[in-house]
Amino acid sequence: MKLLLQNGTVVNGQESGKKDILVDGETICRVEENISPEEADEILDLEGKLVFPGFIDAHTHFDLEVSGTVTADDFASGTLAAIAGGTTTIVDFATQNKGETLGEALANWHRKADGKASCDYGFHMAISDWNEETFAQIEDMIAAGVTTFKLYMTYPAMKLNDGEIYEVLKRLKDMGGIAGVHCENADVIDALIREAKAQGRLDADTHPKVRPAQLEAEAVHRLLVTAQTAGTPIIVVHLTCKEAGREIEEARARGQEVYAETCPQYLLMDDSLYEQGGAEAAKYVISPPLRKKEDQECLWKALKEERIQTVSTDHCSFTTKQKAMGKEDFTKIPNGMPGVETRGTLLYTYGVREGRISLEQMCRFLSENPAKLYGMYPEKGCIAPGSTADLVVMDPEKEAVITASTQHYAMDYAPFEGTKIKGCIDKVYLHGTLVVDKGAVQIEKAGRYVPRKKYVAIHSPAKVQFGER
């Protein structure tokens, strides 16, 4: 069956304009002006609407065992929220526990996800146990479509030392893979935590004080020196602050291939939320923590200048009851918050509508760039003949308010509770099938596993200072 979407403003990474889209089954076959209605079996008029390629969130944590609990959202609830928010593909972190092989970790995540997902899904492989067997299995992962990897410079259960990170990056260079890295200086953070506990500072408002911006920047610097030594491209995930951004720009000026990701919470929230203390502050305990308002402006400026390539969510959700595990000791608060449902509408409302970024840039950050960087382009990430018909229809004038009562998460609070948005998800097509209509999910669990190719380089400006000195 052929579907004709008429009169919408089609948004791609390089241009946008009023065009028609002809979909044949699961595939886009034509994108041009004035396609004849006679060519279609079904016609939909999208006058006044924006049409984006399906959003891709390349940083989620669903059904993850961490901090003595399991994330509130599994693949059923997490991907339901994702598709409702226009995200047609997520890339979650399959995590190798100590003592496991990469093959066992991948099988574990397939068991968690297969048959439960309402959007398409792929996996990064988070390496926590580096040894000869892990070295050999990198090739198996790439053959299975897991072409990107995650490394941690913090968290005892997952942290690799600098030498191990170097060895992983050398192996990925040989295999054509790429890694995203969580950058914080674990040893100094641990020392600051011991100091805070000795002083009796155990409330949630201590969390940002033991993970200051300079310890993120130092770890980014150390990672980039390691990547330069290995001769390997690298991704810095969830960038939060101007100090770390400057390290990235200095590396690019040296000729390094470095990519950066940030998240809506770092663009729109700041560390004043921790001043509430207690249970309210615990809702915003994430790592790295929320930073200063000046860091927000630096991140927005970096997006406008395309020093940052992707906006993901780091969706890692916990209920207020789970957050309360740390009411007597902030180090026991599970780190993370939800975000996969509201990313697109927040970026449109506070990015595009406020003139901080363009429509085309929004498409690049949410669709085109992650599709390229994570090995799914041009099947995903653009609206073009031959691409999969993953499409998001947005009503740019519709207004709403974010509330816990209307979200699809398995959560009892919304970090952005009461935030007004203008620009709502109207329809979502997954593989050419209408799965969200008038903002309501119509079809669940239609997602498929996406084996991914190797990454495609994204060209960004170089030798430019991040923020103001």
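Use the structure listed above.
As the structure is a prediction and not an experimental result, all values here were calculated from the model.

**Student:** I'd like a rundown of the packing of helix α3 (residues 132-143) against helix α4 (residues 162-175), residues and numbers included.
**Tutor:** Where α3 meets α4, the axes come as close as 10 Å, and the angle between the chain directions of the two elements is 40°. In terms of axis orientation, α3 runs oblique to α4. Here α3 runs over α4; the crossing is right-handed. Together, Phe 135, Ala 136, Ile 138, Glu 139 and Ile 142 of α3 and Arg 171, Leu 172 and Met 175 of α4 make up the contact between the two elements.

**Student:** A description of the layout of surface pockets should follow, citing residues and the corresponding values.
**Tutor:** By volume, the largest pocket is sized at about 920 Å³. Surrounding the largest pocket, 43 residues form its lining, Val 66, Ser 67, Tyr 155, Pro 156 and Met 158 being those nearest its centre. Contributions of two or more residues to the lining of the largest pocket are made by β7 (65-66), α2 (102-113), β11 (148-152) and α5 (186-198). In terms of residue count, the dominant contributor to the lining of the largest pocket is α5 (six residues). Here the residues of the lining of the largest pocket are counted per class, giving 16 nonpolar, 16 polar and 11 charged. Of the voids in this model, the second largest pocket is the one considered here, and its volume is about 420 Å³. Surrounding the second largest pocket, 19 residues form its lining, Glu 341, Ala 400, Thr 406, Ile 421 and Cys 424 being those nearest its centre. If you list the elements that add at least two residues to the lining of the second largest pocket, you get β16 (391-401) and β17 (420-430). Class assignment for the residues of the lining of the second largest pocket results in eight nonpolar, eight polar and three charged.

**Student:** Residues and numbers for the pattern of salt bridges, please.
**Tutor:** Scanning the entire structure with this criterion turns up 30 salt bridges. The partner of Arg 356 in a salt bridge is Glu 354, and the shortest N-O contact between them spans 3.5 Å. You can call Arg 356 partly exposed: its relative accessible area is 22%. Residue Lys 422 pairs with Glu 399 through a salt bridge whose shortest N-O separation is 3.9 Å. With a gap of 23 residues between them, Lys 422 in strand β17 and Glu 399 in strand β16 connect regions that are remote in the sequence. The exposure class of Glu 399 is exposed, given its relative accessible area of 56%. Among the ionic contacts, a cluster of salt bridges with common partners joins Arg 353, Glu 397, Glu 399 and Lys 422.

**Student:** Can you tell me about helix α13 (residues 359-373), naming the residues and giving the values?
**Tutor:** Its 15 residues place the ends of α13 20 Å apart at the C-alpha level, agreeing with the 21 Å of an ideal helix rising 1.5 Å per residue. Roughly 45° is the biggest bend found in α13, and it falls at Phe 365. Following α13 by one or two positions, Gly 375 adopts a phi angle in the positive range, close to 75°.

**Student:** Residue-level account of empty space enclosed by the protein, with values.
**Tutor:** Per the counting criterion, the structure on display carries three cavities of 30 Å³ or more. A volume near 60 Å³ is recorded for the largest cavity. For the largest cavity, the lining is made up of 14 residues, of which His 124, Phe 149, Gly 180, Val 237 and Tyr 374 are closest to its centre. Broken down by secondary-structure element, the contributors of at least two residues to the lining of the largest cavity are β6 (55-60), β11 and β12 (178-182). What the second largest cavity holds in volume is close to 40 Å³. Together, Pro 338, Gly 339, Thr 342, Ile 402, Gln 407, Tyr 409, Ala 414, Pro 415 and Phe 416 line the second largest cavity. Its residues placed into classes, the lining of the second largest cavity shows six nonpolar, three polar and no charged.

What counts, and at which threshold
Every residue gets a number counted from 1 within its own chain, in the order that chain's sequence is written. Reporting of local features is limited, given that this is a predicted model, to residues whose pLDDT is at least 70; pairs of side-chain atoms are given and counted only at 80 or more, and all residues count toward the totals for whole chains, interfaces and linings. Note that the side-chain values use all heavy atoms of the structure and ignore hydrogens as well as water. The convention used is that axes are lines fitted to C-alpha atoms, helices contributing only their stretch in contact, and that angles between N-to-C directions extend from 0 to 180 degrees. The helix and strand labels rest on DSSP assignments: H or I over at least four residues marks a helix, E over at least two residues marks a strand, and numbering proceeds from the N terminus. Relative orientations are named as follows: roughly parallel for angles under 35 degrees, roughly antiparallel for angles over 145 degrees, roughly perpendicular for angles from 65 to 115 degrees, and oblique for any other angle. By definition, any crossing whose near helix is turned counterclockwise from its far helix by less than a right angle is left-handed, and any crossing with a clockwise turn is right-handed. For this analysis, residues touch if any pair of their heavy atoms sits within 4.5 Å. Here a cavity means grid points, on a 1 Å grid over the protein atoms only, where a 1.4 Å probe fits yet cannot get out; a pocket means an open set of points with protein on both sides within 12 Å along at least five of seven lines; lining residues are those with an atom within 4 Å of a point. Grid points are joined across faces, edges and corners, and a volume is the space filled by probe spheres set on the points. Three classes are used, and their members are as follows: Ala, Val, Leu, Ile, Met, Phe, Trp, Tyr, Cys and Pro are nonpolar, Asp, Glu, Lys and Arg are charged, and the others, Gly among them, are polar. Every case where a carboxyl oxygen of Asp or Glu lies within 4 Å of a side-chain nitrogen of Lys or Arg is listed as a salt bridge. The rule is simple: take the accessible area with a 1.4 Å probe, protein chains only, and divide by the maximum for that residue type; under 20% is buried, over 50% is exposed, in between is partly exposed. Working rule for helices: expected span equals 1.5 Å times residues minus one. Given a residue, its bend is the angle between the two axes fitted to the seven residues that end at it and to the seven that start from it.

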